[in-house]
Each structure stands twice: as structure tokens, then as C-alpha cells.
Amino acid sequence: MNNDQAKRLSHDVRGALTTAMLVAERLQSHSDPAVVRYAGMIAQAIETATSAVRAGLQTIAPAPPQPGPPPPRLPQPGWDPTQYLRFSDERMRPALDLMERIDSAAPGLVIDLGCGPGNVTQLLSARWPQARLIGVDASGPMLARAQAALPGASFIKADIATWTPDAKPDVIYSNAALHWLPDHSAVFPRLLSLLAPGGLLAVQMPLMHDAPFRTLIPQVAAKGPWAAALAHVAPVAPILSPDEYWDMLRPHVTALDIWETTYRHALEGDDAVMQWASGTSLRPFLDALHDEGMRHDFRQAYAEALRPFYPRRADGTTSLPFHRLFIVGRV
Ligand SMILES: C[S@@+](CC[C@H](N)C(=O)[O-])C[C@H]1O[C@@H](n2cnc3c(N)ncnc32)[C@H](O)[C@@H]1O
């Protein structure tokens, strides 16, 4: 097994252990004392297994540099702007929190990387009406929505990993997009190198790889009539840790601000967490299922698996704790 396979396996194992721990914790408030006792024993066993995985991880040597051409890019999921915008208020909040931390009075060129349907690009335009604004995205349907919402801005269909602007931007902004790209140790320094002197890179990404919301996707995908069709689909890979981003970016910037926030989104409607994921993390899996009936059944199986972790509150909403990582660096 090579290092990448070992890391992927340990990620899957840690995800399964987190899910198991959440179940054990829930059972510890059961009314039957025997169930509580067994839940305590299970929780202890999970802790032992988690420590063993952690210890095993530390023995994995850093990957040697890969000679030759870069690996082929992952296929982009088919984005659906309408499904994505179903929870636009909740998705907008971290975008605004990120924008608030950008200290730039009158930037000449502002880039919105992974601009999606352009709802956040509109906010960038409102904040800096004098700036030239470019939105970049790989999805045609998302870009069409963005261009209709903001006819005055330029929107470009390109891969963030390789796209280079025609002038040096003062602000490169990216909300909820860069976690879709692999190889952050190449992507982030490259983005910083594109900036004008004194320019800012501002990024927000979900830090959710251990949450049932994400870990249940490959688990549900592996069981059921869809398993063969989904066997080759890779879930969104975990991003780096906040410390790893700090160490990677610090040598390239004059100032760096990294912080984390957990939002508790109060989602409306039936199977709200499944609906949320259908606009993002579930997309690569839905794309791989061409039979409409099977797609429906897969989404329902995922919704059922989610239910114990995200029960409806008494007021009818579903609470989705969503952890996010923010990075603002000035070159
Ligand atoms: C979750 S949406 C975020 C949209 C928007 N930034 C927002 O905050 O609402 C992620 C977007 O990133 C785009 N994306 C993902 N990987 C990309 C890549 N390698 N190059 C260009 N766009 C990419 C997707 O097409 C999608 O529109």
C-alpha cells in the first residue's frame, strides 16, 4: 500500500469511527442501563481504535516528490444552481464573514474563484463597485446563472488550478470552492504568486470530512443496488489542517489570519441535510447514477442514514452543525 492509499484508508477508518462514536454517545442516554453499559464499552473500544489509527498515521513517511506530468484532473461534478441555491441564506453567511475580514479599500482587479451562480460575486461587486470583477468557474450552468445575475462582470470558464489572470489581482476571493481541488500545497502558493504586491487571498472552505454528513456518503454508496455504479466515485477529499495551511502559507505572505467557525444552520423542509448535500457533496455520486429511480433510492437511503444524526427539532427545523475554515493572507 502506498502513502496516499494509507492516508485515504485512515481517513475512511476515522470517518467510520467518528460515526460509531456518535452512535455510542447517543446510546449512553438510553433509558435501559444495560444499553448504557454496552454503549460505554463500545465508546472505549472506539477510543482505543482511534488512538491506534493515529499512531499508525504517524509512521507514514512523507510522500516522495512525484516526477513527471501532474496527475489528471478529477472530473467536475455536474452542478445544479437551483439545488445549490435552495439554502442560499445559509451558504451566504460564511461568504459575508470572509468578506468582512478583507482590508482593501479600492482594489483595481477582484477575482471570484469558483464563483458558482454568482450570488457572492454580486456582493463583491456591491462592496467594490469601481473594481474590475472576474468570476471563474468550471461549470457552464453555474456561469450562465452568474452572468445573468451580474451582466457587468466578466465570467470565465476555466480550471482554477491552471487559470492565470491577464493582470495581477488585488483581491483573490474564493468561497466554498477550493476544497474541490486536489494538491493544495501547489494550488495555494500558486494563487499567492498571482497577486499584485500587497494583494490579498481570502478563502473559505468546509472542514467537514469527519462529520456524518460526509462520512455517510461513501458508506451508503457502498451498500445497495447502486454500489457497482458508484465504486469508482471519489468523495470530496479532506483538506489540510489549519496548522498545515499556516506552515505552508506563512513563508509566502506578510500577514496571515486563519480562523474556524461552526455554524448551526437551521434548515427548513423534509430531509433537509440530504437536500443540502444534493447541492454539493453528493453531486459526484448523483452524476454517476444515470437511472432516475436509482438516484431517488440512493438519496432516500442517504436521508435515512442521516436521520439519527440530524433529527428534526421540535420547531420542525433540522440543525446542521457546519465547521468552516477561513484563510486571509496578504503578500
Ligand atoms: C459550492 S460552489 C460555491 C459557489 C460560490 N463560490 C458560493 O459561495 O456560493 C463550488 C463551485 O466551485 C466550482 N469549482 C470546483 N472546482 C473547480 C475548479 N477546479 N475550477 C473551477 N471551478 C471549480 C464549481 O463549479 C462550483 O460552482
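Before reading further, recall that the structure is shown in the block above.
Residues numbered from 1 in each chain as written. Predicted model: local features only at pLDDT ≥ 70, side-chain atom pairs only at ≥ 80, totals over all residues.

Structural notes on the sheet that holds strand β4 (residues 171–175)
Selection rule: At least two bridges found by DSSP between two strands are what make those strands a pair. Strands here mean DSSP runs of E at least two residues long; helices mean DSSP runs of H or I at least four residues long; both are numbered from the N terminus. Between N-to-C directions, angles span 0 to 180 degrees; the directions come from axes that are lines fitted to C-alpha atoms, helices contributing only their stretch in contact.
Overall, mixed pairing links the seven strands, which are arranged β3-β2-β1-β4-β5-β7-β6 in an open sheet. Pairing within the sheet leaves two strands with one partner each, and these edge strands are β3 (154–157) and β6 (255–267). The mean angle between the axes of side-by-side strands here comes to 20°, regardless of whether they run parallel or antiparallel. Of the strand pairs in this sheet, strand β5 (residues 200–206) and strand β7 (residues 318–330) are connected by seven bridges, and their pairing is antiparallel. From the neighbouring strand, Val203 faces β7, where its bridge partner is Ile327.

Overview of the nonpolar core
For clarity, the threshold we go by: The term nonpolar core refers to a group of buried residues, namely Ala, Val, Leu, Ile, Met, Phe, Trp, Tyr and Cys, whose C-beta atoms join them within 7 Å. Neighbour counting defines burial: a residue surrounded by 20 or more other C-beta atoms within 10 Å of its own C-beta is buried, one with 12 or fewer is exposed, and intermediate counts give partly exposed, using backbone-placed C-beta atoms. Contact between two residues is assigned whenever their backbone-derived C-beta positions fall within 7 Å.
Counting residues in hydrophobic clusters, the biggest one holds 67 residues, and the most contacted among them are Val110, Ile111, Ile172, Ala202, Val273 and Tyr302. Here the element with the most residues in this core is β7; it accounts for six residues. With residues up to four places along the chain from it excluded, the contact list for Val273 reads Phe213, Leu267, Leu306, Tyr310, Thr318 and Leu320.

What about helix α4 (residues 88–100)?
The condition that has to hold: Here the expected length of a helix is defined as 1.5 Å per residue gap, with one fewer gap than residues. Each C-beta atom gives one direction from the helix axis, and the arc is the one those directions make.
Helix length check: α4 (13 residues) gives 18 Å between terminal C-alpha atoms against 18 Å at 1.5 Å per residue, within 8%. Residues Arg91, Pro94, Ala95 and Leu98 constitute the buried set of α4. What you see down the axis of α4 is that its buried residues fit within an arc of 100°, all on one side. Projecting away from the buried face of α4 at angles above 90 degrees are the exposed residues Asp89, Leu96 and Glu100.

Considering the site of the ligand
For clarity, the cut-off: Here, nearness means that the C-beta atom of a residue, built from backbone geometry, sits within 6 Å of the molecule or strand in question. Note that Gly is not counted as nonpolar here; it falls among the polar residues with everything else outside the nonpolar set of Ala, Val, Leu, Ile, Met, Phe, Trp, Tyr, Cys and Pro and the charged set of Asp, Glu, Lys and Arg.
In the vicinity of the ligand, 22 residues are found, and the nearest of them are Gly114, Gly116, Ala138, Ser139 and Ala177. Residue composition of the shell around the ligand, by class: twelve nonpolar, seven polar and three charged.

As for the packing of helix α8 (residues 212–222) against helix α13 (residues 292–306)
Here is the rule we go by: By the definition adopted for this analysis, an angle is roughly parallel if under 35 degrees, roughly antiparallel if over 145, roughly perpendicular if from 65 to 115, and oblique otherwise. By definition, turning the near helix anticlockwise from the far helix through less than a right angle yields a left-handed crossing, and turning it clockwise yields a right-handed one.
Relative orientation of the contacting elements α8 and α13 amounts to 135°, with a least axis distance of 10 Å. Accordingly, the angle class assigned to the pair α8 and α13 is oblique. The interaxial crossing formed by α8 with α13 has right-handed handedness. Taken together, the residues of α13 that come into contact with α8 (itself represented by Pro212, Leu216, Ile217 and Val220) are Ala301, Tyr302, Ala305 and Leu306.

Brief notes about the environment of Ala237
You can see Ala237 is positioned in the loop between α9 (227–230) and α10 (242–249). Judged by C-beta crowding, with 16 C-beta atoms within 10 Å, Ala237 ranks as partly exposed. A C-alpha to C-alpha distance of 8.7 Å links Ala237 and Leu181, two positions 56 residues apart in sequence.

With respect to the environment of Gln147
Position of Gln147 among the secondary structure elements: in helix α6 (residues 140–149). Since 17 C-beta atoms lie within 10 Å of it, Gln147 is described here as partly exposed. As for Gln147 and Pro117, which are separated by 30 residues in sequence, their C-alpha atoms are 8.2 Å apart.

Topic: unusual backbone geometry
A positive phi angle, near 55°, is found at Ala176, a position not held by glycine. With a phi angle near 60°, Asp183 is a residue other than glycine that sits in the positive phi range. Of note, Asp183 is situated in the loop between β4 and α7 (184–194).

Details of the packing of α4 against helix α5 (residues 119–127)
Running from N to C, α4 and α5 point in directions that differ by 40°, and their axes come no closer than 10 Å. Judged by the sense of rotation from one axis to the other, the crossing of α4 with α5 is right-handed. In this structure, α4 contributes Ser88, Met92, Ala95, Leu96 and Met99 to the contact, and α5 contributes Asn119, Val120, Leu123 and Arg127. The residue makeup of the contact of α4 with α5, split by class, is six nonpolar, two polar and one charged.

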